[in-house]
Amino acid sequence: MTTAYFDCFSGISGNMTVGAFLDMGVPLKWLQNQLSGLSLDGFSLSEDTIFRHGIQARHFQVHGQGDSIHRHYGDIKLILEKSPLSSNTRQTSLAIFDQVADAESRIHGVEKAKVHFHEVGAIDSIVDIVGTALCLEYLGIDTIFSSKIPLGNGFVDCQHGTLPIPAPATMEILKDVPVYGTGITSELVTPTGAAIIKGLARDFVDMPLMTIEKIGYGAGSRNLPNRPNLLRVVTGQMHALSANNTVKILEDTEMLVETCVDDMNPEIFGYLMDRLFDDGALDVYWIPVFMKKNRPATLIQVVCNMEKRNPVINRILSETTSTGVRFQPIQRAKLMRETVTVSTAYGDVLMKKITAPDGKIRLVPEYESCKKIALSHKIPIKNVYEIIDRESAA
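Residues numbered from 1 in each chain as written. Predicted model: local features only at pLDDT ≥ 70, side-chain atom pairs only at ≥ 80, totals over all residues. Heavy atoms only, no water.

Asks: Which residues make up a nonpolar patch on the surface, and what values do they have?
Replies: There is a patch of nonpolar side chains on the surface, built from Met207, Ile212 and Ile215 and spanning about 260 Å² of accessible area. Along the polypeptide, Ile212 turns up in strand β10 (residues 210–219). Residue classification places Ile212 among the partly exposed residues on the basis of a relative accessible area of 45%. (Patch = residues over 30% accessible without salt bridge, like charges linked within 9 Å, V, L, I, M, F, W, Y side chains within 5 Å. Areas by Shrake-Rupley, 256 points an atom, 1.4 Å probe, with all protein chains shown as cover. Salt bridge = Lys/Arg side-chain N within 4 Å of Asp/Glu carboxyl O. Helix = DSSP H or I, 4+ residues; strand = E, 2+ residues; numbered from the N terminus. Buried < 20%, exposed > 50% of the residue type's maximum accessible area, 1.4 Å probe, protein only.)

What follows is the structure, encoded as structure tokens:
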């Protein structure tokens, strides 16, 4: 698993993000070739090596043919759905655009499907967002953390006229994200940059314990007075051992989403659980509770990654009789674990390899593997567990 840490000491924009990934080794020609599958008018990409306060960085630019189309959210979805991009890249791109659509919907009071993108619907922003998703796939990045986000001040000219910095869309997207003021009279965070980091980051914290493998610097277009206008992205592996060589218990932040229902057909719960896990839920619970007027009900609790919050909420509100949900970040401590393949009398079996705090290793068979063996050999599944446990302990 490769982890990326976004060090946003001077903010973040779309071209700064792609520039940092290019600086890490993503080939520009490969990126151009992958993006050529989008149904967009002709555009080209360029990169330059520049210096900000003596630090070498990559400056990424998108050159279009005067694209002035103001696309709707539905147009963006259609472009992505018709593209030959991988499913993972499409989903990541849509998750980022989803952040913008939610913000614009709230600001302008229109339905999400009818949101009218301006700057973020232009070719350069589409390329920045989809290009970011492609770079994540190229580099094998699956977990992202970010620093707290610095904000500038002043005013910026855009399609709606002169607006305060941060722009309303940027401010709306950054709800629930820790930010701080800098006193710099410049736009440090663009709507595209805000959507990228809000849609990708699992948490906004100091750099986690990790072994650094690559560092990339993406340059912004402006020169800032008292700091380099750069985005620094660091990738590597989460560190498993503490200084005294004992196994570290990892900590992260997840999202808890919950609601109570007392008027739903109970047959729906099984279907709902399957769909929630399809949406990326880590855990799903049904808890018997009593509500007002002493009515028996079910408390639905779902634990998921930060970036899966919106799909989980949408699933609950569309598949149940609930009219609202509660959600909050929760802290989680977990042991180091990975999936390994172990040879047994029944062939290769997937198992969880769990490292306890004292360093001892425990192997636990995966249920689906044991179920498949039990059905194919027509034996009780408990016998499968017993035999596999005995062989793996030998």
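Asks: Lay out the side chain of Thr143 in plain terms, naming residues and giving numbers.
Replies: Mapped onto the fold, Thr143 is located in strand β4 (residues 141–146). Exposure remark for Thr143: the relative accessible area of 6% places this residue in the buried category.

Asks: So what's going on with the pattern of salt bridges? Residues and values would help.
Replies: Enumeration according to the criterion identifies 13 salt bridges in this entry. Between Arg106 and Glu172 there is a salt bridge, with its nearest N and O atoms 2.5 Å apart. Taken together, the positions of Arg106 in helix α4 (residues 87–108) and Glu172 in helix α6 (residues 168–173) put the pair 66 residues apart, joining distant regions of the chain. Residue Lys175 pairs with Glu172 through a salt bridge whose shortest N-O separation is 2.8 Å. Looking at Glu172, the relative accessible area reads 14%, which means it is buried.

Asks: So what's going on with unusual backbone geometry? Residues and values would help.
Replies: Residue Ile165 is joined to Pro166 through a cis peptide bond whose omega torsion reads -5°. Of note, the phi angle at His53 is positive, near 55°, even though the residue is not glycine. Take His53: it is sitting in the loop between β2 (43–52) and β3 (55–64). Notably, Lys378 is not glycine yet its phi reads approximately 55°, a positive angle. Along the chain, the position of Lys378 falls in the loop between α10 (367–377) and α11 (381–393).

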